[in-house]
Amino acid sequence: RVLKGRGRRPSRPEGMEVAKSMRGAVHPSSSVRSGAAAAESWRGIKNQGNEVNVVGGNRNEPRLSRLLLAVLIKWVRVLLSVLWVLVGYLFEGLAVTLTVLVAMLDVSIAGAMACCGGKSARSQVLDFPFTAAYANWLQNTLAIAFETVEGRSRRTKALSAEKVERRRVYEEIVTKGLLRGAAAHSLDVASLDPATSQLAFVFTDIEGSTQAQLLDPHGYQEAVLKHDEVIRDALYSNAGTELDTEGDAFRIAFGDVAQAVRFAVDAQRSLLQVSWSKRVRKIRPFRRQKDPSGVVIFAGPRVRMGIHLAKPGEFDMKQHRVFMTPVVTGEGWRLAHLLSECGAGGQVLASDAVCTAIQGRLAECSFPVVRHLGAFALGGEGGPATDVFEVTEGESALLRRKHGELRRCERLAGPSVLGVPRPPEGEVAFVAVRAAVGDADTVVGVARCWQGFCLEGDRELGREVVAFKGIGDAVRFAIALQATLLLTDPGQGNEAGPAAVAIHVSNLSGSRAVLDCLLGVTQAGQTLLSQPAFLGLRPLLASVGHPIVIDMGVHSHPNLGERHQVFEIAPRALKGRGMVFGDLPGTECLSPGARQSPPAPTGVAFVFTEVAAAVSEGAAAAAVAVFVDHTRKVLVQKTGSSFFGYECQEVGAGNFMLAFSTMDLALSYCSQVQEYLLAYPWPAEVLSLKGFEEVVDGEGRIVHRGPRVMMGVGYGVPFYSMPHPNTGRADYFGPIVNIVARVKSACQAGQVLVALKTPEDRGLKRRRTKDMIQAYGSKGFALTSLGKHSLRGIAGKVALAELCPPSFGHRKLGLGESLGAGGHHAVDIAGVAEKVGRKTLVAKSRVEGILQHAEEVLSPGR
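Residues numbered from 1 in each chain as written. Predicted model: local features only at pLDDT ≥ 70, side-chain atom pairs only at ≥ 80, totals over all residues. Heavy atoms only, no water.

Draft legend 1. Structural context of the overall build of the chain. If you tally the helices and strands in the chain, you get 23 helices and 33 strands. Partitioning the intrachain contacts of the chain with sequence separation of at least 6 by distance along the chain shows that 69% fall at a separation of at least 24. (Helix = DSSP H or I, 4+ residues; strand = E, 2+ residues; numbered from the N terminus. Contact = heavy atoms within 4.5 Å.)

What follows is the structure, encoded as structure tokens:
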């Protein structure tokens, strides 16, 4: 600021003091001074005005008006606060008055009813309805009128918590109850005929329940309620029916023995996983117990179970006269009850009939571990004799439980080793294993767990061949073996390590050569499948844990002289092994696999193809097959040590997603295939089809002939690539894949569109499209620029060009309807000009406003 009459700026301390004194006088948030003090302060500033008056006129009047306005605002605020307090007092007085009036009214009514009313009226004297209603209204009114911020926040949290609780109750009733239970159904025992039907009976009982009741009755009751809930959940999920209960013991029936075994395993696992309260865990029979390695093997009630399959005629069924429930009796019912009494807490026992019935059906029972305990006379000497088996869930904490000798029975014979009684017949899944010499027993043991039959073995070479009835069991065995070998201790001279596993499906006579060849190229820790094995496995991928599938390509071996497509599988927990293995040693790769696909980090050129006409059976399908066969012939050509291209997937006949390592290879593929289709000698039957006919231009030159294949081409760097979960082919992910797919959709029939520059091409933004077309032209590719266009679902513009086959350079189809005016791909030039003009006007107004403000700030009058 310029001092009047001196022509110089004030020093910094002097200017700061003046500013501080002025701010203290007029700031609304400062304490309100009296009128005299404010005037005195202003006069002090005014006296300094002889030196501080600003050029441009006397500014005393505006300063005084601002000061008076600040005082007025402060006075109004104080007045409003006083009025609010007075209104509060008035409201409280009104509330007290109304309270007295309502109370007097209630007392008067009560006195009149007490004096004049009858006996029934006197009983209502103390109700005081007016006072109660008024109190409720007053409480709500006070809560609304005088609610604090903290109270409002507390009320909002309470309402939110109430909504959450309502949602939880709804989900428990509907989602987890009705909807989940809609698929469950119980066995209708009353409709069965005991003479022709068989039932699987399961008896359960809690070990040490009497002692637990004496130690802590309330804790025992809590444990039993949760135990009943777990048992019934497992019961209903396996389509069983509850026949009877006796205390904490259940008697259950199933129509299928596999359901009974699944129920027992599910119930034991669920009881172990329940989060029991501290009170329950303090009860001695229900205490938590760990094995030497620290794994919890017992927690909560320990339930013993017995399973027996009663054949027709071994049980009888009547209806209870009072409860109308089925009452079951008979030898089968008695044997199941005696069997349950023989076991220990947490143990599941099964009779010989159960074990025989589940042979070959272990997959339906979730592959439990079955151990033969021996032959016993149940109930002691003279009781029914049967072989007794222990059923346990495989690969879990339940398998670590150790139980003593069976009780309340007499041993008749010792245990025996279980195995597959005879080799499978017909088409069999063969698994060849090459493992360390010390792992031979492990291989045999795992094979028996998955119902495998060991055909032959060479312990000195560590080779085993195991036969399975189905490909599903064979793959489960291979995955389980690789996981089991991870637990083997390599110390003490043991050369344990991962095994090489090869799987092939064939009959007994035609499997040896292929299996030996496949095992010979398999590396340690790798699992390879032949094409027949993988085709049988594909619909079963979900049932074997959906392992990682890698297509290794088509290979030929010197000993076979045939083409074999090979696949690799690995459990998802061991997916890191896929980075270790390379090409198959000792074989010639005839068609690239996922590991020979173009790597994503170095950039990939993509080509999407689609046959424009509808393809059905007959001549159209045969014509498209010509295009498909020629495409695959081009892709498997060698360019040095690598293949020409890679087929990622084919969605429908002729609808390819192809990947190339360079843009030149992608353009070369499109030129070759288009020229091949135009020059191919199509039969008249094909040329007569709609969309396949021959079309010529005005000079008689061919424009279309045969299948019209649309092709979209683009180059970029995908985010990543990974094997497809079902096919094992390399699949790419990233914006460039979507861009090329949209470019293909913008093609006309038989046209090749090339995305020269996309929003993802950071390094190509400075290169002109004309220069890029000239560069490709020098390599023999005839490109015609079509300008920049917006594609549906793609942000930004894409520079497009049309590629013409070398011998058909006259065929320039240009812009189609989707890229022309009026299409959703079109660039509206008029709209762009209008948008630019509108933004220019906005920018102009903003600049003018900034300049005007700067002029006011810098003007002397300011």
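More follows now that the structure is in view.
Draft legend 2. Spotlight on the environment of Gly360. The residue Gly360 is located in the loop between helix H13 (352–358) and strand S10 (368–378) in this model. In this structure, the C-alpha to C-alpha distance between Gly360 and Gln451, residues 91 residues apart in sequence, is 7.4 Å.

Draft legend 3. Structural context of the sheet that holds strand S12 (residues 409–413). Overall, mixed pairing links the 8 strands, which are arranged S2-S3-S1-S6-S9-S11-S10-S12 in an open sheet. Edge positions in the sheet fall to strand S2 (241–246) and S12, since each of these pairs with one other strand and no more. When strand polarity is set aside, the average angle formed by the axes of neighbouring strands in this sheet is 30°. Note: strand S9 (residues 348–351) against strand S11 (residues 385–393), 3 bridges, orientation antiparallel. Across the sheet, the residue bridging to Leu349 is Glu390, located in S11. Contacts from helix H10 (residues 257–273) reach strand S1 (199–206), strand S3 (249–254), strand S6 (303–310), S9, S10 and S11, with the element oriented near 175° to S6. Where helix H12 (residues 331–342) meets the sheet, it contacts S1, S2, S3, S6, S9, S10, S11 and S12, and its direction lies at approximately 155° from that of S6. (Pairing = 2+ DSSP bridges. Axes fitted to C-alpha atoms, helices over the stretch in contact; angles between N-to-C directions.)

Draft legend 4. Inspection of the sheet that holds strand S28 (residues 709–716) at higher detail. The sheet built from 7 strands is open, its strands ordered S24-S25-S21-S28-S31-S33-S32 with mixed pairing. Only two strands of the sheet have a single neighbouring strand rather than two, namely strand S24 (646–650) and strand S32 (782–790). Along the sheet, successive strands turn relative to each other by an average axial angle of 25°, direction set aside. Two elements, strand S21 (residues 604–611) and S28, share 8 bridges in a ladder whose sense is antiparallel. What sits directly across from Phe606, in S28, is Gly714. The strands touched by helix H19 (residues 663–679) are S21, strand S25 (656–660), S28, strand S31 (752–757) and strand S33 (797–804); relative to S28, the strand with the most contacts, the crossing angle is about 170°. Those strands touched by helix H21 (residues 735–745) are S21, S25, S28, S31 and S33, and its axis lies near 155° from that of S28.

Draft legend 5. Quick peek at the packing of aromatic side chains. If you walk through the whole model with that rule in mind, you get 13 aromatic pairs. Each ring, one from Tyr680 and one from Trp682, has its centre 4.5 Å from the other, and the planes form 55°; the classification is tilted. Judged by relative accessible area, Trp682 falls into the buried class, the value being 6%. Taking the centre distance of 5.0 Å and the plane angle of 20° together, the rings of Tyr720 and Phe733 count as stacked. Separated by 13 residues along the polypeptide, Tyr720 in strand S29 (residues 720–723) and Phe733 in strand S30 (residues 730–733) bring together distant segments of the chain. Following the ring pairs from residue to residue traces out a cluster consisting of Phe201, Phe203, Phe315 and Trp333. Taking the ring centre of Phe298 as reference, the NZ or CZ of Arg302 above it sits at 4.4 Å. The positively charged end of Lys638 is found above the aromatic ring belonging to Phe643, 4.7 Å away from the centroid. (Phe/Tyr/Trp six-rings, centres within 6.5 Å; stacked < 30°, edge-to-face > 60°. Buried < 20%, exposed > 50% of the residue type's maximum accessible area, 1.4 Å probe, protein only. Lys NZ or Arg CZ within 6 Å of the ring centre and 35° of its normal.)

Draft legend 6. Quick peek at the nonpolar core. Within the largest apolar cluster, 79 residues are counted, with the highest numbers of intra-cluster contacts made by Phe263, Ile471, Val475, Phe477, Leu481 and Ile503. With 10 residues, the top contributor of residues to this core is H10. Each residue touching Val475, except ones within four places of it in the same chain, is listed here: Ile503, Leu529, Leu537, Val544 and Ile569. The next biggest cluster of nonpolar side chains, apart from the first, holds 43 residues, and it includes Val607, Trp682, Val709 and Leu803. (Core = buried A, V, L, I, M, F, W, Y, C linked by side-chain atoms within 4.5 Å.)

Draft legend 7. Here's a closer look at the side chain of His372. For His372, the location among the structural elements is in strand S10. Within the structure, His372 has its side chain in polar contact with the side chain of Asp387 (distance 3.1 Å). (Polar contact = N/O pair within 3.5 Å; in protein donor to acceptor, adjacent residues only side chain to side chain.)

Draft legend 8. Spotlight on the side chain of His789. With respect to the helices and strands, His789 occurs in strand S32. A distance of 2.6 Å separates the side chain of His789 from the backbone oxygen of Leu786, its partner in a polar contact.

Draft legend 9. Focus on the confidence of the model for the chain. On average, residues of the chain score 80 in pLDDT, and 79% of them reach the 70 mark or higher. Predicted confidence for residues 1–61 stays below pLDDT 50, and this span has 41 contacts to residues more than four positions away or in other chains. Every residue in residues 821–829 is under pLDDT 50, and counting partners more than four places away or in other chains gives 21 contacts. (pLDDT = per-residue confidence, 0-100.)

Draft legend 10. The pairing of strand S19 (residues 563–570), seen in detail. Where burial is concerned, most of S19 is hidden: 6 out of the 8 residues are buried. Relative to S19, strand S18 (residues 548–556) runs antiparallel, the two sharing 8 bridges. Bridge pairing in S19 links Val554 to Gln565.

Draft legend 11. Region of the structure containing the pattern of salt bridges. Per the stated rule, a full pass over the model turns up 28 salt bridges. Note that Glu331 and Arg334 form a salt bridge whose closest N and O atoms lie 3.6 Å from each other. Note that Glu331 and Arg334 are positioned in helix H12 at a spacing of 3 residues, about one turn of the helix. Among the ionic pairs, Arg463 bridges to Asp516, the shortest N-O distance being 3.2 Å. Separated by 53 residues along the polypeptide, Arg463 in strand S15 (residues 463–468) and Asp516 in helix H16 (residues 512–520) bring together distant segments of the chain. (Salt bridge = Lys/Arg side-chain N within 4 Å of Asp/Glu carboxyl O.)

Draft legend 12. Quick look at a positive patch on the surface. A cluster of like positive charges, contributed by Lys278, Arg281, Lys282, Arg288 and Lys290, occupies part of the molecular surface. With respect to the helices, strands and loops of the structure, Lys290 is situated in strand S4 (residues 289–290). (Patch = residues over 30% accessible without salt bridge, like charges linked within 9 Å, V, L, I, M, F, W, Y side chains within 5 Å. Areas by Shrake-Rupley, 256 points an atom, 1.4 Å probe, with all protein chains shown as cover. Lys, Arg positive; Asp, Glu negative; His and termini not counted. Charge placed at Lys NZ, Arg CZ, Asp CG, Glu CD.)

Draft legend 13. Seen up close, the environment of Met722. Along the chain, the position of Met722 falls in strand S29. On the basis of relative accessibility, which here comes to 36%, the residue Met722 falls in the partly exposed class. As a C-alpha pair, Met722 and Arg595 span 127 residues in sequence and 9.9 Å in three-dimensional space. Residue contacts for Met722: discarding those within four places in its chain leaves Arg729, Ala730, Asp731 and Phe733.

Draft legend 14. Expanded view of H10. In a regular helix each residue adds 1.5 Å, so 17 residues correspond to 24 Å; H10 covers 25 Å between its end C-alpha atoms and thus fits that length. Burial of H10 is extensive: 13 of the 17 residues sit out of reach of the surface. (Expected span 1.5 Å × (residues − 1).)

Draft legend 15. View of the environment of Ser293. Note that Ser293 resides in the loop between S4 and strand S5 (296–298). Each C-alpha atom, one on Ser293 and one on Arg400, is 10.0 Å from the other, the two residues being 107 residues apart in sequence. Looking at Ser293, its side chain comes within polar contact range of the side chain of Asp291, at 2.9 Å.

Draft legend 16. A look at helix H9 (residues 217–237). Given a rise of 1.5 Å per residue, 21 residues ought to cover 30 Å, and the 30 Å separating the end C-alpha atoms of H9 matches this to within 8%. Turning to H9, its buried residues are Gly219, Tyr220, Ala223, Val224, His227, Asp228, Val230, Ile231, Ala234 and Leu235. Two residues or fewer past H9, Ala239 is found with a positive phi of approximately 60°.

Draft legend 17. Just the packing of helix H14 (residues 440–449) against helix H15 (residues 471–485), in detail. Axis separation between H14 and H15 bottoms out at 10 Å; the angle between their running directions is 135°. Judged by the angle between their axes, H14 and H15 are oblique. You can see that H14 and H15 cross each other, and the crossing is right-handed. The residues of H15 that touch H14, namely those facing Thr442, Val443, Val446 and Ala447, are Phe477, Ala480, Leu481, Thr484 and Leu485. (Parallel < 35°, antiparallel > 145°, perpendicular 65-115°, else oblique. Left-handed = near helix turned anticlockwise from the far one by under 90°.)

Draft legend 18. Region of the structure containing the pairing of S28. Burial of S28 is extensive: 7 of the 8 residues sit out of reach of the surface. Bridge count for S28 against S31 is 4 bridges, and the pairing is parallel. When the bridges of S31 are listed, Val713 appears paired with Val754.

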